[in-house]
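Structure assessment
Residues per chain are reported as follows:
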Amino acid sequence: MTVNANESARDPGLLILASLADIPRHGYSMIEDIASWSGTRLGPGTLYGALARLQERGLIEPVESVDRRRPYRLTAAGAAVLAEQLDSLERVVEIARGRLIHG
């Protein structure tokens with residue numbers, strides 16, 4: 001999986017990066033957080049597959065935990081990718097809204 005400008009705002013990787021933008025979260029917490037603001041409920045397989053790919057790319061990293069939960073946090077590289085994706089999505093929204101108004 002790659003997170004790039006051509007992917008939907010409902011892409012699991014992008015949703016996970018957005019969820020981790022403010023605080024570290026474990027799997028269930030991410031699922032609930034993402035559902036609360038996106039309307040998308042990721043299944044465990046989708047979530048953990050995307051987490052593995054994001055970690056492999058160095059965009060997220062695990063955080064030490066005292067219990068069995070495994071929280072993750074955004075890395076500097078992940079924050080940069082997220083910012084790039086948000087800029088790209090903003091351009092798409094701006095163009096589409098302008099075309100709706102003038103179309």
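Residues numbered from 1 in each chain as written. Predicted model: local features only at pLDDT ≥ 70, side-chain atom pairs only at ≥ 80, totals over all residues. Heavy atoms only, no water.

Side note on helix 4 (residues 76-102)
For helix 4, built from 27 residues, the straight-helix expectation of 39 Å at 1.5 Å per residue is met to within 8% by its first-to-last C-alpha distance of 39 Å. What helix 4 keeps buried is the set Gly78, Val81, Leu82, Gln85 and Ser88. Of the surrounding secondary structure, the elements contacted by the buried residues of helix 4 are helix 1 (12-19) and strand 2 (72-74). (Helix = DSSP H or I, 4+ residues; strand = E, 2+ residues; numbered from the N terminus. Expected span 1.5 Å × (residues − 1). Buried < 20%, exposed > 50% of the residue type's maximum accessible area, 1.4 Å probe, protein only. Contact = heavy atoms within 4.5 Å.)

Side note on the environment of tyrosine 72
Counting through the fold element by element, tyrosine 72 comes out in strand 2. Beyond its immediate stretch of four places on either side in the chain, tyrosine 72 contacts Leu20, Pro24, Arg25, Met30, Leu51, Gln55, Ile60, Glu61, Pro62 and Val63.

As for the confidence of the model for the chain
Detailed conclusions should not be drawn from predicted coordinates in areas where pLDDT is low. Residues with a pLDDT of 70 or more make up 91% of the chain, whose mean pLDDT is 90. The secondary structure element of the chain with the lowest average pLDDT is helix 4, at 94, and the one with the highest is strand 2, at 98. (pLDDT = per-residue confidence, 0-100.)

A look at the packing of helix 2 (residues 27-38) against helix 3 (residues 44-56)
Close contact between helix 2 and helix 3 brings their axes to 11 Å; oriented N to C, the two are set at 110°. Of the possible angle classes, the one that applies to helix 2 and helix 3 is roughly perpendicular. Contact with helix 2, carried on its side by Gly27, Tyr28, Met30 and Ile31, involves Leu47, Tyr48 and Leu51 of helix 3 and no other residues of that element. The class makeup of the residues in the contact of helix 2 with helix 3 is 6 nonpolar, 1 polar and no charged. (Axes fitted to C-alpha atoms, helices over the stretch in contact; angles between N-to-C directions. Parallel < 35°, antiparallel > 145°, perpendicular 65-115°, else oblique. Nonpolar A, V, L, I, M, F, W, Y, C, P; charged D, E, K, R; others polar.)

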